[in-house]
Amino acid sequence: MVRLPYTTALTTLFSYGLLFAFGQLRDFFRKFVDWFKAKNVKGYAPICLGLEDFYVRRLYLRIQDCFGRPIASAPDSWFDVVERTSKDNNKTLQRTSNTTRCLNLGSYNYLGFAAADEYCTPRVIESLKKYSASTCSVRVDGGTTKLHNELEELAARFVGKPAAILFGMGYVTNSAIIPCLIGKGGLIISDSLNHNSIVNGARGSGATVRVFQHNSPAHLEEVLREQIAGGQPRTHRPWKKIIVIVEGIYSMEGELCKLPEIIAVAKKYKAYTYLDEAHSIGAVGQSGRGVCELLGVDPADVDIMMGTFTKSFGSCGGYIAASKEIIQHLKHSCPAHLYATSMSPPAVQQVISAIKVILGEDGSNRGAQKLARIRENSNFFRSELKKMGFEVLGDNDSPVMPIMLYNPAKIPAFSRECLRQKVAVVTVAFPATPLLLARARICISASHTREDLMKALDVISRVGDLVGIKYFPAEPPKIAGADHDKLE
Amino acid sequence: MLAISTAFDVVERTSKDNNKTLQRTSNTTRCLNLGSYNYLGFAAADEYCTPRVIESLKKYSASTCSVRVDGGTTKLHNELEELPARFVGKPAAILFGMCYVTNSAIIPCLIGKEIIQHLKHSCPPHLYATSMSPPGVQHVISAIKVILGEDGSNRGAQKLARIRLRFLQVRAQEDGF
């Protein structure tokens, strides 16, 4: 977990306090300027209250050039970043036609399927000719092709469950499924760092939501005991059902879920488990089957497994894998299945082909090589960053590597300086993270070569020195040099 | 007095287990359609709308396969956002590809407990969902233009008058005339 140095916490709070004060001062004067063109009908509350969009108006816009950078090529290990300019101090940005070839440390391209692939791409092109770009129909009308049925079977087999259902949107896979599984009278116990789509799904369900401390099986047990003893609010009747929701890899932390311990606690108290493997499926495990494989958990012990095809498989959409009865229930009741356009057939084919490569069913061992390379790349990069003195979150084998920045001024400084040196990184700040815990999130790919990683480490080290984010002492150069020689 | 109404082909189904499961046959029955929300008759081929939809299918393909904030916004999407705003008399409008989501994902963006509601700047169906199919967008554009009379004829006004007349006829029937 994060070990926040005292002086850093102090300077970070001071920085945010300063930004807040200046923002409030400008809002104060803005009120007078806007007084004469008030648009609100008298007596009505504004749809957007001042504080609600304060962050965007006064903090985010200042550094919005560091977020949402457009790219002009496939997000492979190197890609083209579009250059943007601003004439009003970042309030608005204009795209230019210039691009910069950068090393890509920001995409979730874990297995390298985001670019053209010798096995996947010809099959995708063939399916585009045969099935067209979109069915333009929902699954229960004309939107189901042989490919959709094939991928549902393949996804279920891949994760080790009896059945699966596809969705065209990764986000909706969580936000529309959870209300179909549980409702009023049910209890959801959610990890404190779960993704926004899970949070929205839980709230939309109408069930009672309780949060347990991040990745803490002990606190989960405490919450379960307390809630089961207390029962439903006011009536104290027993809960109709309880679902514990966790993620395989937490995307802002790079941490692996403590799944065996959490499963043990959930089973002890007869709670269902829902595992979101959006980042872990395809990226971890000996054959890419995710955290169950990596941590030695039987998929039968996890009641509902969710994943996305947007990361390791280079496509879009997501799946839910569970028992046949649960999948049949979802197919009859889930609005994302009944009302949304079905997944694009070429995108479905891309996932089918990627899974076959991973499973070795393409007649080669490229899948196993990719999995070995991402594990090796991830562990090498993480250990080198730590040796240099960076505070790196997450676990070994995880391809997600947050580097802590903390101070708001270091967010744009790190991002812009790395971009200047042809390394594209993603910086993450509030509201995606707590206010004091801003970070840069590095994502490693199987398509990164050792030379790519060495260049990235060199740039990050120099920028880290320049910006002042090496919060720990570096290891003696002699040992680092020795390891360096061995690796090469 | 009654105008000719729309008819369609209903597929016949059979069941061998007392309706527990149904099997489709290849037989159809020509029926008078009183069940569709086809108020103005745009659900079938239309002399103004259909050629324009076919043309947009050739030009823009069946789907952008992309979200609005990536490659999923065409000239048609921008035009259609302007058109409903003008049609209903509001300054601006935003499109969604799914009717259901237009309500179910928008209301959480407008109101909630959080003081800082960053969702209102990041509405999921706008950021993550495939954008509306361009031929679908073109069809709506054409239908609105027919209703507004911008297709160069008065077919829109006739359609509106005709649906009102049918409503009065049904009411008359119910009152026992």
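Residues numbered from 1 in each chain as written. Chains lettered and ligands numbered in written order. Predicted model: local features only at pLDDT ≥ 70, side-chain atom pairs only at ≥ 80, totals over all residues. Heavy atoms only, no water.

## Comments concerning the overall build of chain A
The helix and strand tally for chain A stands at 17 helices and 13 strands. The globule rule puts the C-alpha radius of gyration for 488 residues at 23 Å, and the 24 Å found for chain A is close to it. Each principal axis of the C-alpha atoms in chain A carries an extent, and together these give about 65 × 55 × 50 Å. Sequence-distant contacts, at least 24 apart, represent 71% of the contacts inside chain A between residues at least 6 apart. Counting only carbon and sulfur atoms, one obtains 56% of the accessible surface of chain A, whose full area is about 22,100 Å². Of the charged side chains in chain A, 59 are positive and 47 negative, and the gap between their average positions amounts to 7 Å. (Helix = DSSP H or I, 4+ residues; strand = E, 2+ residues; numbered from the N terminus. Rg over C-alpha atoms; globule rule 2.2 N^0.38 Å. Contact = heavy atoms within 4.5 Å. Areas by Shrake-Rupley, 256 points an atom, 1.4 Å probe, with all protein chains shown as cover. Lys, Arg positive; Asp, Glu negative; His and termini not counted. Charge placed at Lys NZ, Arg CZ, Asp CG, Glu CD.)

## Here's the deal with the packing of aromatic side chains
Residue and element names in this part refer to chain A. Counting across every chain of the model gives 11 aromatic pairs over all chains. For the ring pair Tyr60 and Phe67, a centre distance of 5.5 Å and an interplane angle of 25° mean the geometry is stacked. With a relative accessible area of 15%, Phe67 lands in the buried category. In textbook terms, an aromatic cluster arises when at least three aromatic residues are bridged by ring pairs, as seen for Phe158, Phe309, Phe313 and Tyr319. Seen from the ring of Phe380, Arg450 lies directly overhead, with NZ or CZ sitting 3.9 Å from the centre. (Phe/Tyr/Trp six-rings, centres within 6.5 Å; stacked < 30°, edge-to-face > 60°. Buried < 20%, exposed > 50% of the residue type's maximum accessible area, 1.4 Å probe, protein only. Lys NZ or Arg CZ within 6 Å of the ring centre and 35° of its normal.)

## Here's the deal with a positive patch on the surface
A cluster of basic residues, Lys184(A), Arg234(A), Lys240(A) and Lys241(A), forms a positive patch at the surface. Mapping Lys241(A) onto the fold places it in the loop between α8 (217–230) and β6 (242–247). (Patch = residues over 30% accessible without salt bridge, like charges linked within 9 Å, V, L, I, M, F, W, Y side chains within 5 Å. Salt bridge = Lys/Arg side-chain N within 4 Å of Asp/Glu carboxyl O.)

## What to know about the domain arrangement of chain A
All names here are of chain A. The assigned domain composition of chain A is domain 1 (6–104 + 368–467) and domain 2 (119–359). The interface is formed by 18 residues belonging to domain 1 together with 17 residues belonging to domain 2. Carbon and sulfur atoms supply 59% of the area buried between domain 1 and domain 2, which totals about 1,300 Å² over both sides. Glu253 is the partner of Arg439 in a salt bridge, and the nearest nitrogen-oxygen pair spans 3.1 Å. Looking at the side of domain 1 that touches domain 2, the elements with two or more residues in it are α14 (366–388), β10 (400–404) and β13 (439–443). No other element matches α14, which puts four residues into the side of domain 1 that touches domain 2. Of the residues contributing to the side of domain 1 that touches domain 2, the split by class is eight nonpolar, four polar and six charged. (Domains from an automatic or database assignment. Buried area = accessible area lost by both parts, 1.4 Å probe. Nonpolar A, V, L, I, M, F, W, Y, C, P; charged D, E, K, R; others polar.)

## Let's talk about helix α16 (residues 450–467) of chain A
Residues that lie three or four places apart on an α-helix share one face, since the helix turns once every 3.6 residues. Residues and elements named next belong to chain A. Helix length check: α16 (18 residues) gives 25 Å between terminal C-alpha atoms against 26 Å at 1.5 Å per residue, within 8%. For α16, the complete set of buried residues consists of Asp452, Leu453, Ala456, Leu457, Val459, Ile460, Ser461, Val463, Gly464 and Val467. One or two positions beyond α16, positive phi appears at Gly468, with a value near 85°. (Expected span 1.5 Å × (residues − 1).)

## Some thoughts on the side chain of Ser66(B)
Residue and element names in this part refer to chain B. With respect to the element layout, Ser66 can be found in the loop between α1 (49–60) and α2 (75–88). Of the residues examined, Ser66 reaches a relative accessible area of 17% and is grouped as buried. The residues touching Ser66, leaving out its near neighbours within four places in the chain, are Gly71, Gly72, Ala129, Thr130 and Ser131.

## So, the sheet that holds strand β9 (residues 318–322) of chain A
Residue and element names in this part refer to chain A. One open sheet holds the seven strands; their spatial order is β3-β9-β8-β7-β6-β4-β5, and the pairing between them is mixed. What marks the edges here is a single partner per strand, and that holds for β3 (163–167) and β5 (208–212). Averaged over all neighbouring strand pairs, the angle between strand axes comes to 20°, with direction disregarded. Taken together, the five bridges between strand β4 (residues 187–191) and β5 define a ladder with parallel strand orientation. If you follow Ile189 over to β5, its bridge partner there is Arg210. Of the strands in this sheet, β5, β6 and β7 (272–276) touch helix α9 (residues 259–268), which is tilted by about 175° from β6. (Pairing = 2+ DSSP bridges. Axes fitted to C-alpha atoms, helices over the stretch in contact; angles between N-to-C directions.)

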